[in-house]
Amino acid sequence: MDLKQISPFFAASPQLSVAEIGMAASQGYKAIINNRPDAEEDGQPSSAEIEAAARAQGLDYRYIPVIGGQIGEADVEAMTAALSDLNGPVLAYCRTGTRSVTLWALSEARHIDADALIRTAAEAGYDISSQRSRLAARLRQPAHAQEDRPRPVEPGARYDVVVIGGGAGGIASAASILKRRPQTRIALIEPRDEHYYQPGWTLVGGGVFRRRETVRAMAGLIPKGVKWIRAAAASFEPDRQAVVLEDGTRLAYSVLVAAPGLKLDWDQVDGLRATLGKNGVTSNYRFDLAPYTWELLRNLRSGTALFTQPPMPIKCAGAPQKAMYLACDAWKRAGALDKIQVEFRNAGGTLFGVGAYVPALMDYVKDYAIDLELNSNLVAIDGPKRTATFKIMSGEREGELVERRFDMIHVCPPQTAPDFVKASPLANEAGWIEVSAETLQHVRYGNVFALGDACSAPNAKTAAAVRAQAPVVAENVISVLDGRTPRRIYNGYGSCPLTVERGKIVLAEFGYGGKLLPTFPSWLVDGTKPSRLAWFLKEKMLPAIYFGAMLKGREWLVTPERLAHTPSGYEAQDALPPRS
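Rules of the game
Residues numbered from 1 in each chain as written. Predicted model: local features only at pLDDT ≥ 70, side-chain atom pairs only at ≥ 80, totals over all residues. Heavy atoms only, no water. Helix = DSSP H or I, 4+ residues; strand = E, 2+ residues; numbered from the N terminus. Rg over C-alpha atoms; globule rule 2.2 N^0.38 Å. Buried < 20%, exposed > 50% of the residue type's maximum accessible area, 1.4 Å probe, protein only. Contact = heavy atoms within 4.5 Å. Lys, Arg positive; Asp, Glu negative; His and termini not counted. Charge placed at Lys NZ, Arg CZ, Asp CG, Glu CD. 1 Å grid on protein atoms, 1.4 Å probe; cavity = no way out; pocket = protein on both sides within 12 Å on 5 of 7 lines; lining within 4 Å. Points joined across faces, edges and corners; volume = space filled by probe spheres on them. Pairing = 2+ DSSP bridges. Axes fitted to C-alpha atoms, helices over the stretch in contact; angles between N-to-C directions. Phe/Tyr/Trp six-rings, centres within 6.5 Å; stacked < 30°, edge-to-face > 60°. Lys NZ or Arg CZ within 6 Å of the ring centre and 35° of its normal. Parallel < 35°, antiparallel > 145°, perpendicular 65-115°, else oblique. Left-handed = near helix turned anticlockwise from the far one by under 90°. Nonpolar A, V, L, I, M, F, W, Y, C, P; charged D, E, K, R; others polar. Arc of directions from axis to C-beta. Core = buried A, V, L, I, M, F, W, Y, C linked by side-chain atoms within 4.5 Å.

## Let's talk about the overall build of the chain
Secondary structure assignment for the chain yields 15 helices and 29 strands. For a compact globule of 580 residues, the expected C-alpha radius of gyration is about 25 Å, and the chain comes in at 25 Å, within 12% of that figure. The principal-axis extents of the C-alpha atoms in the chain amount to approximately 75 × 65 × 45 Å. Evaluated residue by residue, the chain yields a buried proportion of 57% over its 580 residues. For the chain, restricting intrachain contacts to residue pairs at least 6 apart in sequence, the fraction spanning at least 24 positions comes to 67%. Side-chain charges in the chain split into 67 positive and 63 negative, and the spacing between the mean points of these groups amounts to 5 Å.

Structure, rendered in structure tokens:
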């Protein structure tokens, strides 16, 4: 628990867990204020869960949810009323604590000087200086005089490039830009203080990696020279060339690079969120749950094991079946596979989207005696009863609901663009940031680029795709800063190392249209067949390439193609020389 004492009566904290409510009570807090809307982030405890924990500890509870970047007068008045009514000391929280501190300061601003409030917040580690004018306007001003009006960009808050997201796409693109132009003024917006190597979570769930091997401190990965703004982006204002942060601060940019990732939408499956991490329900798509997957695999010796995959798009289309193959291999080694009924229920109509890799995968489906059910989508789950309900997606039985009992189930959740992206002017009808599939430039805003999971390009959403996208974005961003037309193109490259057993991988590498794009010659690694060398690459080399090269702007084996002007338009030319 990372709470900060703001005043004798008030403290703020990042997201609290249910367990931390008891810790707060033991430290003398009498009330909890929750300023975070439900389902804002994957794995976030709901208001009902926090309230139940607070009541169990004898604490008062208030739910005053505020959407990041949209603190209105009604929110301030609700916070003021709560702080007046509750017995203190009071502990308030949101994603990072910033919204809670901002609400506290605005509620106190009618009788405390703005500079004093900003200084007090700064001493606790919160920068609310962007609220100076709003705080000063409230001093001794009656409530009816307050207005919610757009606040201008603060002086000095303009950057050459603003990057949204401290994941693979955000850090890699920032590093690649700085490699090309070290003097570029870049701000990177990211609220988390930890960075996750998500491709490793499948191996955690398979007992190969330990969870701690997949996490690093964010501060050690953000490139030197990049201004890290530890806050969450709340909305985009591309017509004003600004990004709004969760506390209402506006950052202006010359070029925006958006890499906010996607949202794991657990709530699309009725009952799923409530049973995650217990009752045999797990998912390698969450850092905290991957070890539970391995626990289930080690302990299951008979019964039914279900593995699910939702409709596309999802992060790493092969991940749901990778979890299954590693599980089957573990059970086979333990002599238990013949006592376990394994089912793979995939909402799609094919095992894998690129046909060249399907024969090798089907060999393992047959070898492990997996019951493969296509066009079968998970729609509900009852953890205590250990039953899952699937909807048939096509054919004569389309719309029919099928109930299956399980002893364990590995769930891949439905996935969408983040809510603040879906609600923005940058989004297409499906909610993704609408970009050119080649240049990754926004189709309506020429100084906006996007890469990674949130962009609309029809490529596989993998870390390998980001590795190929980052240098394209970097080259094109610099072109826009120089007033030139972007001419570097992305060919849709993505890679999915399909772990079919411990020690062997089918190394799928492909681009737009399912075109095979192997990195290595077939005599060294034939990606359409299981390979021990590909396993060595996945287990030993890729983590080092990810942290030591990709996030450092070292573009190994990545050469962005360029467009050349011809009488008939633009066409792809030879790749540029690689940069090291």
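## Focus on the side chain of Thr-102
Take Thr-102: it is sitting in helix α4 (residues 98-108). You can call Thr-102 buried: its relative accessible area is 1%.

## Comments concerning empty space enclosed by the protein
Going through the model one piece at a time under the given rule, you end up with three cavities of 30 Å³ or more. The computed volume of the largest cavity comes to approximately 50 Å³. Together, Ala-172, Ser-176, Val-466, Arg-467, Ala-470, Pro-471, Met-550, Arg-554, Glu-555, Trp-556 and Val-558 line the largest cavity. Listed by contribution, the elements that provide at least two residues to the lining of the largest cavity are α7 (168-180) and α14 (463-481). The element contributing the most residues to the lining of the largest cavity is α14, with four residues.

## Considerations on the sheet that holds strand β1 (residues 4-5)
Across the sheet, which stays open at both edges, the five strands sit in the order β1-β2-β5-β3-β4 with mixed pairing between neighbours. Looking along the sheet, the strands with just one partner apiece sit at the ends: β1 and β4 (60-63). Pairing of β1 with strand β2 (residues 10-13) involves two bridges; the strand directions are antiparallel. Bridge assignment links Gln-5 to a residue of β2, and that residue is Ala-11. In the packing of helix α3 (residues 73-85) onto the sheet, contacts are made with β2, β3 (31-34), β4 and β5 (90-93), and the angle to β3 comes to roughly 175°.

## Some points on the packing of aromatic side chains
One pass over the full model with this rule turns up 15 aromatic pairs. Ring centres of Tyr-196 and Phe-287 lie 4.7 Å apart, and the angle between their planes is 40°; on these two criteria the pair is classed as tilted. A residue pair is termed long-range when its members are at least 10 positions apart, and Tyr-196 in strand β8 (residues 194-196) and Phe-287 in the loop between β15 (281-282) and α10 (290-299) qualify at 91 residues. The burial state of Tyr-196 is the same as that of Phe-287; both residues are buried. Between Tyr-364 and Tyr-368, the aromatic rings sit 5.8 Å apart at their centres with planes inclined by 45°, giving tilted as the arrangement. Look at Tyr-364 and you get buried, because its relative accessible area is 10%. These aromatic residues form a ring-pair network of at least three members: Tyr-196, Trp-201 and Phe-287. Arg-211 extends its terminal NZ or CZ atom over the ring of Phe-287, reaching a point 4.9 Å from the ring centre. When the ring centre of Phe-390 is taken as origin, the NZ or CZ atom of Arg-345, which lies over that ring, is 5.0 Å away.

## Focus: the packing of helix α11 (residues 319-333) against helix α12 (residues 358-367)
Helix-helix packing: each pair is described by the crossing angle between the helix axes and the interaxial distance. Taken N-terminus to C-terminus, the directions of α11 and α12 make an angle of 40°; their axes are 11 Å apart at the nearest point. It follows that α11 is oblique to α12 by the angle criterion. For the element pair α11 and α12, the recorded crossing hand is left-handed. Each of Gln-321, Tyr-325 and Lys-332 in α11 lies in contact with α12, whose residues at this interface are Leu-361, Tyr-364, Val-365 and Asp-367. Of the residues assigned to the contact of α11 with α12, the class counts are four nonpolar, one polar and two charged.

## Some details on α10
Residues of α10 that are buried include every one of Ala-290, Tyr-292, Thr-293, Leu-296 and Leu-297, and no others. Here the buried residues of α10 occupy an arc of 155° about the axis, which is enough to place them on one side. Elements that come into contact with the buried residues of α10 comprise α8 (201-205), β15, α11 and β22 (408-410).

## What about the nonpolar core?
Counting residues in hydrophobic clusters, the biggest one holds 122 residues, and the most contacted among them are Val-243, Phe-307, Tyr-325, Trp-331 and Phe-352. If you tally residues by element for this core, the top one is α14, at nine residues. Here Trp-331 is in contact with Leu-297, Leu-300, Arg-301, Ala-305, Phe-307, Ala-336, Leu-337, Ile-340, Val-342 and Met-408, once residues within four sequence places are set aside. Counting residues in each nonpolar core, the second largest holds 29 residues, with Val-66, Val-90, Ala-109 and Leu-117 among its members.

## Looking at the pairing of β2
Within a regular beta strand, the side chains point alternately toward one face of the sheet and then the other, so they alternate between its two faces. Burial along β2 is two-sided: Phe-10 and Ala-12 facing one way and Ala-11 and Ser-13 facing the other are all buried. Counted between consecutive antiparallel strands, the loop separating β1 from β2 contains four residues. In this sheet, β5 lies alongside β2 in parallel orientation, the contact comprising four bridges. Bridging from a neighbouring strand, Ala-11 pairs with Leu-91 of β5.

## Comments concerning the environment of Ala-78
Looking at where Ala-78 falls in the secondary structure, it is placed in helix α3. Look at Ala-78 and you get partly exposed, because its relative accessible area is 31%.

## As for α4
Side chains of residues three or four places apart in an α-helix project in the same direction, reflecting 3.6 residues per turn. In terms of burial, α4 is a largely internal element, 11 of the 11 residues being buried. Turning to α4, its buried residues number three or more, namely Thr-98, Arg-99, Ser-100, Val-101, Thr-102, Leu-103, Trp-104, Ala-105, Leu-106, Ser-107 and Glu-108. Residues of α4 that are buried make contact with β2, α3, β5, α5 (114-123) and α6 (132-138).

From the geometry alone we can't say anything about function, so treat these as descriptive.
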